[in-house]
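Given next are the chains, with one letter for each unit.
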Amino acid sequence: MDVTEQTFDDAVLERSRDVPVVVDFWADWCGPCHALAPVLEGEIAERGGQVELVKVDVDANQGLAAQFGVSGIPAVKAFRNGAVVKQFVGAQSRASVATFLDELLAPPRADSLVEELRASGELPDVVTALDAGDVEAALSLIVDAVPSAEPTERERLREVAVALFEQLGHDDPVVSGYRRRLATALY
């Protein structure tokens, strides 16, 4: 599906709250774009609706290209929950595109870490906060625990925090505040 500056918010940002959306920023004159297109289309088709593909013509939609920092094409950006979560620039092999999509569709690292914490009984207050949907409280508990933690526990706290940052998206204001607090606590 081709999207424009007028349809982007609904077709990509809102739709990505239900299913990951891969955006192919391209131009008609771009040879590598034409080489990548059938690879992207084929790999996405093989995933049976688990991910959607949209195309943005950068010549006709220069505002979108600028908004998402597209300086070279083809530029491929994967959106989840309204934010870019993965990206690459340039024509890629079928295997590279398949790996990109497989990583996009893999369960978020935060989910598997929470299950590990639950199974081991580690960080029960963090697990309780996450089960209640309060990621900010969980991050606060993690950051507050870092200064007094033993080195192996510090690494586990860092690992959980980074996974939560990835899940929220790097543009989330909660992430930027807690990333700074975590760095200060760790170093």
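Our structure's up above, just so we're on the same page.
Residues numbered from 1 in each chain as written. Predicted model: local features only at pLDDT ≥ 70, side-chain atom pairs only at ≥ 80, totals over all residues. Heavy atoms only, no water.

Student: Hey, could you run me through the side chain of Ser-16 in this one?
Tutor: With respect to the secondary-structure elements, Ser-16 resides in the loop between helix H1 (8-14) and strand E1 (21-26). Not counting residues within four places of it along the chain, the set of residues in contact with Ser-16 comprises Val-21, Phe-79, Arg-80, Asn-81 and Gly-82. (Helix = DSSP H or I, 4+ residues; strand = E, 2+ residues; numbered from the N terminus. Contact = heavy atoms within 4.5 Å.)

Student: Can you walk me through the layout of surface pockets in this structure?
Tutor: Where empty space is left becomes clear once a probe the size of a water molecule has been rolled over the atoms. Taken as a whole, the largest pocket spans an internal volume of roughly 390 Å³. In terms of lining residues, the largest pocket is bounded by 18 residues, among which Arg-80, Val-85, Pro-108, Glu-166 and Gln-167 are the most central. Listing elements by their share of the lining of the largest pocket, those giving two or more residues are strand E4 (83-89), helix H4 (94-105) and helix H8 (151-168). Here the residues of the lining of the largest pocket sort into nine nonpolar, four polar and five charged. (1 Å grid on protein atoms, 1.4 Å probe; cavity = no way out; pocket = protein on both sides within 12 Å on 5 of 7 lines; lining within 4 Å. Points joined across faces, edges and corners; volume = space filled by probe spheres on them. Nonpolar A, V, L, I, M, F, W, Y, C, P; charged D, E, K, R; others polar.)

Student: Honestly, the pattern of salt bridges in this entry has me stumped. Any pointers?
Tutor: It is possible for side chains of opposite charge to pair when their charged atoms get near one another. Applying the stated rule across the entire model yields 17 salt bridges. The shortest N-O distance in the salt bridge between Arg-94 and Glu-43 comes to 3.2 Å. Highlighted residues: Arg-94 in helix H4 and Glu-43 in helix H2 (residues 31-45), separated in sequence by 51 residues. Where salt bridges share partners, they join Arg-109, Glu-116, Glu-122, Arg-156 and Glu-159 into one cluster. (Salt bridge = Lys/Arg side-chain N within 4 Å of Asp/Glu carboxyl O.)

Student: Explain the pairing of E4 to me, please; I cannot follow it from the model alone.
Tutor: Across six bridges, the pairing between strand E3 (residues 75-80) and E4 is antiparallel. Residue pairing across strands places Arg-80 opposite Ala-83, the latter belonging to E4. Where E3 hands over to E4, the hairpin turn is made up of two residues, of which Asn-81 adopts a positive phi near 55 degrees. (Pairing = 2+ DSSP bridges.)

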